[in-house]
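Remarks on the overall topology
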Amino acid sequence: MKAEQYIYTSFKNGDLPDKGFMIYSKSEGITETECNDIKFVMQYAPPSDMPPNPTEKQIYDNFPYSFAFFRLSTNRLCVAQSTYLGKDYSGRYGNYIIYALVFSQNELNCYPCDMFGEKYIKLSMTEEELNAKPPIPALENLDIETFGSIVNDDLLMEFISEREQEFSYFIAAVLRGKQEGIPVYINDTREHLVLWMAALHRALPLEMAKKLSFNTYTHDHKKFSSEMSKERNLNLLCLGVRPDENYFNYSNGCKSSRQIVLDFDMKYRTENIPVPSFAKAMAASYVLGMDEINDFIDFLNEINFYYFSNDLEAAYKFFRLYVASELSADDKDIEDIISFGNRYCEEYMNSEVGAKILDIICKDRILDIKYCQKTFVFLYKYSFFMRYSIHDYLYKIILHYAKEENKAVKILDLLDTLKNSTSEQFWDFLNFFFSEDFLSQLKFEMNGNNKNLVLFVAKFVLNYHNDCQNLTDKSAHEELLKQTIPQVCHLGIKENTAIELLYCCKDNLKLIIKVLSMFATHLALDEKEKFCISFTKYLSGIEQELAKNIKKNMWLEEKTLELCAYMSAKEIRDSRNPIVAFWASYEDNFKNRKELKNIDLASMVEAGLSKTNNIKNLIKIVEIIPEECFKSWKYVKVLFDKFLSQGMKALIKIDSPIIFKLVKILNNLKQDDFHAIYAISFLKFLQAKAEKDGVYPSFAKEYKAFSKINLSNFEKRDYNIYLAQAVPVFMPCIYDEQDFNKFVEFCFNKEEIAVFCLTISTYLKKLKKRQLKQYKVLIDIMQKYIRENKQANEKTKLFFETMRKYL
Amino acid sequence: MSKYTCPRCFEKQDIKDVKYICTNKSKASSCQNAIERKALESAHKIKKPLCDKCGKPLISKICPKCGFELPFGIESTQNYPISIIGAKECGKSNYVAVLIDQLKNNIGRSFDCSVMACGDSTLNRYQKEFYDPIYKHKTCAGATDAGDVEPLIYSLLFRRKHMFSSRKFNDAVSLTFFDTAGENLTSIASMQTHNAYLYSSSGIILLLDPLQLPYVRDRLDSKIRLPEENTDVNTILARTVEVIRRGLGLTDISKKIDIPIAISFTKIDAVDSLLDPMSCLKNDSTHVKNGFFDERDFNDSNEEMQSLVEKWLGVELYQNVSMQFNDFAFFGLSALGSNPDIDNKIPRFRPFRVADPFLWLLAKKGIITSK
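Residues numbered from 1 in each chain as written. Chains lettered and ligands numbered in written order. Predicted model: local features only at pLDDT ≥ 70, side-chain atom pairs only at ≥ 80, totals over all residues. Heavy atoms only, no water.

Some thoughts on the packing of aromatic side chains
Residues and elements named next belong to chain A. For the structure on display, the rule yields 99 aromatic pairs over all chains. For the ring pair W196 and F264, a centre distance of 4.0 Å and an interplane angle of 15° mean the geometry is stacked. Of this pair, W196 sits in helix α6 (residues 190-202) while F264 sits in the loop between β10 (260-263) and α10 (277-287); the two residues are 68 residues apart in sequence, bridging distant segments of the chain. When the ring centre of F40 is taken as reference, the NZ or CZ atom of K223 above it lies at 5.0 Å. (Phe/Tyr/Trp six-rings, centres within 6.5 Å; stacked < 30°, edge-to-face > 60°. Helix = DSSP H or I, 4+ residues; strand = E, 2+ residues; numbered from the N terminus. Lys NZ or Arg CZ within 6 Å of the ring centre and 35° of its normal.)

Remarks on a nonpolar patch on the surface
Residues A:V695, A:Y696 and A:Y735 make up a contiguous nonpolar surface patch of about 280 Å² in total accessible area. Of note, A:Y696 is situated in the loop between α34 (675-693) and α35 (699-703). (Patch = residues over 30% accessible without salt bridge, like charges linked within 9 Å, V, L, I, M, F, W, Y side chains within 5 Å. Areas by Shrake-Rupley, 256 points an atom, 1.4 Å probe, with all protein chains shown as cover. Salt bridge = Lys/Arg side-chain N within 4 Å of Asp/Glu carboxyl O.)

As for the packing of helix α5 (residues 164-180) of chain A against α10(A)
Residues and elements named next belong to chain A. The interhelical angle for the contact between α5 and α10, taken along N-to-C directions, is 140°, at an axis separation of 8 Å. One finds that α5 runs oblique with respect to α10. α5 and α10 meet at a crossing whose hand is right-handed. Contacts from E164, F167, S168, I171, A172 and L175 in α5 reach F278, A279, K280, M282, A283, A284, Y286 and V287 in α10. (Axes fitted to C-alpha atoms, helices over the stretch in contact; angles between N-to-C directions. Parallel < 35°, antiparallel > 145°, perpendicular 65-115°, else oblique. Left-handed = near helix turned anticlockwise from the far one by under 90°. Contact = heavy atoms within 4.5 Å.)

Notes on a positive patch on the surface
On the surface, a cluster of positive charge is made up of A:K222, A:K230, A:R258 and B:K25. Here A:R258 lies in the loop between α9 (250-253) and β10. Since its relative accessible area comes to 42%, A:R258 is described here as partly exposed. (Lys, Arg positive; Asp, Glu negative; His and termini not counted. Charge placed at Lys NZ, Arg CZ, Asp CG, Glu CD. Buried < 20%, exposed > 50% of the residue type's maximum accessible area, 1.4 Å probe, protein only.)

Topic: the pairing of strand β1 (residues 2-11) of chain A
All names here are of chain A. Counted residue by residue, β1 has nine buried out of ten residues, so it is predominantly covered. Here β1 pairs with strand β6 (residues 142-143) via two bridges, running antiparallel. Bridge pairing links K2 to D143 in β6. Relative to strand β5 (residues 93-103), β1 runs antiparallel, the two sharing five bridges. Along β5, the bridge assignment pairs Q5 with L101. (Pairing = 2+ DSSP bridges.)

Some thoughts on the confidence of the model for chain B
Residue and element names in this part refer to chain B. Here chain B shows a mean pLDDT of 83. Residues at 70 or above account for 89%. Across chain B, element-level confidence peaks in strand β11 (residues 328-332) with a mean pLDDT of 95 and bottoms out in helix α4 (residues 188-194) with 66. If you check the scores for this complex, the pTM reads 0.70 and the ipTM reads 0.77. (pLDDT = per-residue confidence, 0-100.)

Let's talk about helix α27 (residues 561-574) of chain A
Residue and element names in this part refer to chain A. Here α27 is 14 residues long and its end C-alpha atoms lie 20 Å apart, about the 20 Å a rise of 1.5 Å per residue gives. Taking burial as the measure, the 14 residues of α27 include ten buried ones, the bulk of the element. Buried within α27 we find L561, E562, L563, C564, A565, Y566, M567, S568, A569 and I572. Looking at the packing, one finds that the buried side of α27 touches α24 (509-522), α25 (525-541), α26 (544-556), α28 (578-590) and α29 (602-608). (Expected span 1.5 Å × (residues − 1).)

Some remarks on the interface of chain B and chain A
Taken together, the contact between chain B and chain A spans 31 residues of the former and 32 residues of the latter. For the pairing of chain B and chain A, the buried interface totals around 2600 Å² over both sides, and the portion due to carbon and sulfur atoms is 44%. It is B:K128, B:D145 and B:E228 that lose the most area in chain B upon contact with chain A, and together they represent 21% of the buried surface on that side. Applying the counting criterion to the chain B and chain A interface returns one salt bridge. Put simply, chain B and chain A have five residue pairs in polar contact (both at pLDDT 80 or more) between them. The element contributing the most residues to the side of chain B that touches chain A is helix α1 (residues 32-36) of chain B, with three residues. The residue makeup of the side of chain B that touches chain A, split by class, is five nonpolar, eleven polar and 15 charged. (Buried area = accessible area lost by both parts, 1.4 Å probe. Polar contact = N/O pair within 3.5 Å; in protein donor to acceptor, adjacent residues only side chain to side chain. Nonpolar A, V, L, I, M, F, W, Y, C, P; charged D, E, K, R; others polar.)

Dropping the structure here:
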């Protein structure tokens, strides 16, 4: 091992005028930049608590060692020691010597601290050297053969065995310092400081240790945090800083984040640094004979991992799993191991570690969802020889998490990642997924009607529809699709979710239309309409060409026609003249469709009528649109409300077929609140029957079908108009007191009883003049009715008392 | 917006750009910002900024460029960097140690001014490297290591009478002392690296050791312990001139340098036997006693020193100085008052005329009155 040498001290320099601190001599290969670097790091001033005029013995016994290892800005390595000498040639105090050895990166093949105390480390100048006449010849390159005679494994084991916990904390502190780019200040006896650094280095591969710089004593720690030191890369990681008030206050310093401090003497330290298991293991290994340290170093050397970073912890976990099949219960560890393996380890190592991970997780744990992605990619990539176990475990994970709404999404992400990063393996998994055994298990699970699971399966089936076209058993996929989408619809589906499903179809037009057909068939009426609102947004969000094709195909497809109606309703409503737009749309798209009767056009109708109340428009719609197309009551109600708003006079004038059709619509939708329509239809019905049969039907007999109707809630004006038209029709239908009873029951309106009686009386008076016989029969029936029912109910009593006034 | 000059890096900056550090380091609840000495910006440049952690007012300003803790009232403070240079072993550190102590005591009393160290660095370094060895341990200051020099920065506060009232007010100047190592003057390259501040100086005190002069050495040989021979006086002066001219871009040789230079011979006590028995250099100056810069005393000592220089060195030094500098003067002083023994112990500590060059520079700048 060859090194170049450097000596700096205060020198008389013969008779030359330039005296004082200077490079006494150096090997020729050391550059000026390197000289400046060495001087910068190794400058020595004694601590303020040392005597100002110390004797040689005091210096020897007490003055701190400034033993350092660092990388020069030329990237070469330097092992150096500064030693206080006391007086210089002029008799003034403050003199010291820097002795430095400069190595090329590969030349240094022992730990720096192994050279501490070796004879070739120059700690003083001889009289002869100091009195030598300039020019001093350049120093030869030094051939180093001995090291470790003072600092060696035995000494370190003895040292650390009494300080196991402190050492693990020290490693953690240095790691933190390295990660955060801040220095670690340590204080202990001058010998211990060297041993702390030696132990830290020895626990690492040499190449890694070469990245950890230190100086066991500096009188000016601040300069190592200066911009200049950073620019020259001389901001050393570990610094021996004396806890002298003038220099550094450890009690305050341990609270600061500008540095990490460890005062082994006074026990001040930066708290709350988590100690990684790697650090604990290295400390323990010193106690147990350093076997694990050596094994771990071998492992790191094998994978050429020389970064002193938090990855060391992952490296250690990987190492433990690799060599000892040890894995903690923490899922995060798996992720760390995988990340580490991916970045640094050979394929054969990852393969083995993957198999071990699989063994462990399959036994007793469900991996946290957030670690699944990396784990499965790793397992598929490196341990595919255990494919069935991996598939099986993935299946288990899917079934576990797909039942939870938030996690189901992550499972889909996981599958996407697997597809993208390990496509062949994923294809293999799809075959496995759609195999008979697993499919039956899945269907069994789906029977539990877990909405999230069913939705997940739907998305899965749609997502990988294209991939599944090449499956060994393609029909299994098709079958699952047919089962899942209807199940999703029946379980109740939010419109956004339905749109998500469409997005899963990507740009597969055929599949989109297929899914839309299923929605049209299986969604409840109100859900269909909500879906269409979202669907319109979906169409505007996708590629125009695709949207156009979807629309085109929807018009062609029988099952999706209804969805088209909902979507047309919006366009009609937004148009300038909705009723014209309605008829145009109807004529163009619906009129001649054989499946028209299965389609709900109510929303279109409502939209068409949104800006009109014209009775002609209302009548035309009822006349032309098939009654089966009025399905959604909330829109049909609008139509009926518009009819009612026309008033009784206008309604009564409407032709019977229209009225009868309105009643049919109401009956279809099981609505019996619209008494006015029903009452008019009853009137029209009796009229029509009388016209058809040539004789008036019995009121009581026909009334049975309309028994739910009554006129009790009619407004006075409507009541008047209606009775004026109805009594001349109803009275001829009264053949006995039973008829009369039903007649009174139907027409009774407590508030307007006078109107009722007056209308009857007026009719009877006219009848008396025209048909006396008929008049007498009716009077007779009335008397009989009153006589029999006088005491029976309040209605008759009130009718009698009022009628008496008019008769 | 007012500007200020950082006494450490000499950068001229807007006062609105300064940063602050929290100084709340009370034992009960120290502020984390104060512990970390975190540079804080004043939100919206408000006049009385508060610490974002502890809410206490931020009163300590720092230079945004070099992080130096600026003297209080920096915006209204004039900055006067003073460079103290000289060859190896000429007694620079001893001189700085005694000068600053005198500033704190005698000069402060006489000139109604007080001196305050700016920042812990100056305070600690002065105490450890300058004050303790001389005043506490009665030994010489240790050899200064070569390399970059961390300056000692002080704030000098004068109590002045108001022009129109009987009230007194404070007038502040900031002083930056650069005590460079002798090695830093051994080559022009080294001077340019380590003494770049020279051209930013308001005044230069060039310390020369008479015991280095062959004339003196010949006459004192075997009478006292002589130091090793060092860099030639004229060589140091020539290098200083070159560094300043380069720094200022003053290439026209006919133009003189505007920075006043005090050519000061130290260790005058050691050459006592070579002085005229009636020499004014044997006694302390009258400036401090009088409370103003006594021009008569100055002229006496200046003339005597000039004639001594001519006798000891010939006319070369005077010629060199007068050709290069507009303002220059010669001084003789002793920082220790006696020659240290072999263990660097000071047998009789009696400094004299130490402040003369410094007071001359202050008078030149009009900071103190001269009569």
